[in-house]
Amino acid sequence: MQKEKLKQDRNTRALVTGGAGFLGSHLCQRLIDDGLEVLCVDNLFTGNKKNINQLLKNSNFEFIRHDVTLPLHLEIDQIYNLACPASPVKYQYNPVQTIKTSVHGAINMLGLAKRTGATILQASTSEVYGDPNLHPQPESYWGNVNPIGLRACYDEGKRCAETLFFDYHRQYNIPIKVARIFNTFGPNMHLNDGRVISNFVVQALKGEPITIYGSGSQTRSFCYVDDMIEALVKFMDTPKDLCGPVNLGNPSEITILKLANEIIRMTGSSSTIHYKDLPSDDPIKRKPDISLAKTHLRWKPETKLQKGLSNTIRYFKTLL
Ligand code: NAD
Ligand code: UDP
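Let me begin by describing the structure that accompanies this report. (Residues numbered from 1 in each chain as written. Chains lettered and ligands numbered in written order. Predicted model: local features only at pLDDT ≥ 70, side-chain atom pairs only at ≥ 80, totals over all residues. Heavy atoms only, no water.)

**Examining the site of ligand 2**
If you check the shell around ligand 2, you find 17 residues, and the closest are Thr211, Tyr213, Arg220, Asp282 and Arg286. Between Arg286 and ligand 2, the recorded distance is 2.8 Å, taken from a side-chain N or O atom to an oxygen atom. Considering ligand 2 on its own, with 510 Å² of exposed area, one finds that the protein chains cover 96% of that surface. (Near = heavy atom within 4 Å. Polar contact = N/O pair within 3.5 Å; in protein donor to acceptor, adjacent residues only side chain to side chain. Areas by Shrake-Rupley, 256 points an atom, 1.4 Å probe, with all protein chains shown as cover.)

Written out as structure tokens, the structure is:
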């Protein structure tokens, strides 16, 4: 009784792993704005303390430099497990560490959830569908992943993490939420992140050649960060029986060539297009079926690509 009373009297405590990264830093800010106590755990591999600078003086916010491949002992109510490099360039830099981050990280965070009774949300990915032969991709699709290719450290790591989440749920009744995140962009992406929108915007602003891998006919569907954060928070607050997986992303699909031209136009850049080799196993097309998110989260993305790009261009201008 006393314990329940104490629980009601204090703020909800949320742990955000990968909290100094692109999505994590926006999520930390949002949870602080919502009145939660936030513990941000990050090893700063691709994250940056600058992303959370404004939060460090807030008494409800705490930063812990820690690698999720090692166990962590905290008292916590919610866990958002975002720790993992997301850019292909960064996750292929040290593939063994990437797979350890996904798999050992999931085991450690699920262990923490088991001990504390916390609800745990996994930042999974559209990469679990690999190079899909079903388009758009619904959650029921099992995917087409090369298990020994250069992207496997990320794709298979995330697939194994999903397996661990569902086995911990079935075996120990842990409340889980598995979110399959599709390409998301916005401010706080690193200048040298290596993903397509940050690359193109930085190249365009510097007047450098825009590097298109392959012919540029491959497609992606880009979601603005504010929409994604809204979806993650909504998903965490759904009833216990909604475990997912749930696709989160913007179904508005565009070719990489068209994206390059749009960024050149919006920045007024004199950059030319430079074609480079397509990396192996680069998916040809990707677009989420978000019917489940619409029904169960009552969510759909609101930000148009142009509006998101304009905010992102403004952000990178301040950095350059
Ligand atoms: P990011 O690289 O900006 O952020 C990842 C954060 O995790 C960084 O701060 C990094 O330092 C930290 N990290 C990496 N390994 C760690 C470890 N072993 N221990 C502790 N911290 C570690 O990437 P992001 O775009 O913010 O992605 C966040 C999460 O969302 C990732 O799990 C990613 O797989 C997932 N996701 C993102 C997208 C997207 O388009 N942004 C798409 C699908 C999935
Ligand atoms: N891409 C590109 N030029 C770049 C970076 C990426 O043409 O400078 C392409 C990449 O080959 C892929 C798409 O853009 O087809 C999206 O790449 P990103 O690295 O952003 O993420 P992915 O969706 O492949 O994980």
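Text resumes after the structure shown.
**Describing the pattern of salt bridges**
Should the charged atoms of two oppositely charged side chains come close, the side chains can pair. For the coordinates displayed, the defined rule picks out 14 salt bridges. The residue Arg151 makes a salt bridge to Glu127 at a minimum N-O spacing of 2.7 Å. Linking Arg151 in the loop between strand S5 (119-125) and helix H5 (152-172) with Glu127 in the loop between S5 and H5, this pair joins segments that are 24 residues apart in sequence. A single burial state applies to Arg151 and to Glu127, both of which are buried. Across the pair Glu302 and Lys300 runs a salt bridge whose closest N-O atoms are separated by 3.8 Å. You can call Lys300 partly exposed: its relative accessible area is 43%. Members of the salt-bridge network, linked through shared partners, are Glu127, Arg151, Arg220, Asp282 and Arg286. (Salt bridge = Lys/Arg side-chain N within 4 Å of Asp/Glu carboxyl O. Helix = DSSP H or I, 4+ residues; strand = E, 2+ residues; numbered from the N terminus. Buried < 20%, exposed > 50% of the residue type's maximum accessible area, 1.4 Å probe, protein only.)

**Describing helix H4 (residues 95-116)**
Over its 22 residues, H4 runs 31 Å from end to end, which matches the ideal 32 Å to within 8%, given 1.5 Å per residue. By the burial criterion, the buried members of H4 are Thr98, Thr101, Ser102, Val103, Gly105, Ala106, Asn108, Met109, Leu110, Leu112 and Ala113. Turning to H4, the residues buried within the fold contact strand S1 (13-17), strand S4 (78-81), helix H3 (88-91), S5, H5 and strand S6 (176-181). Looking one or two residues beyond H4, the residue adopting positive phi is Gly117, at roughly 80 degrees. (Expected span 1.5 Å × (residues − 1). Contact = heavy atoms within 4.5 Å.)

**Overview of helix H7 (residues 225-236)**
An α-helical turn contains 3.6 residues, so any two residues separated by three or four positions project in the same direction. The first and last C-alpha atoms of H7 sit 17 Å apart over 12 residues, in line with the 16 Å expected at 1.5 Å per residue. The buried count for H7 comes to nine of 12 residues, which makes it a mostly enclosed element. Regarding H7, the residues found buried are Val225, Asp227, Met228, Ile229, Ala231, Leu232, Val233, Phe235 and Met236.

Nothing here speaks to function; it is geometry throughout.
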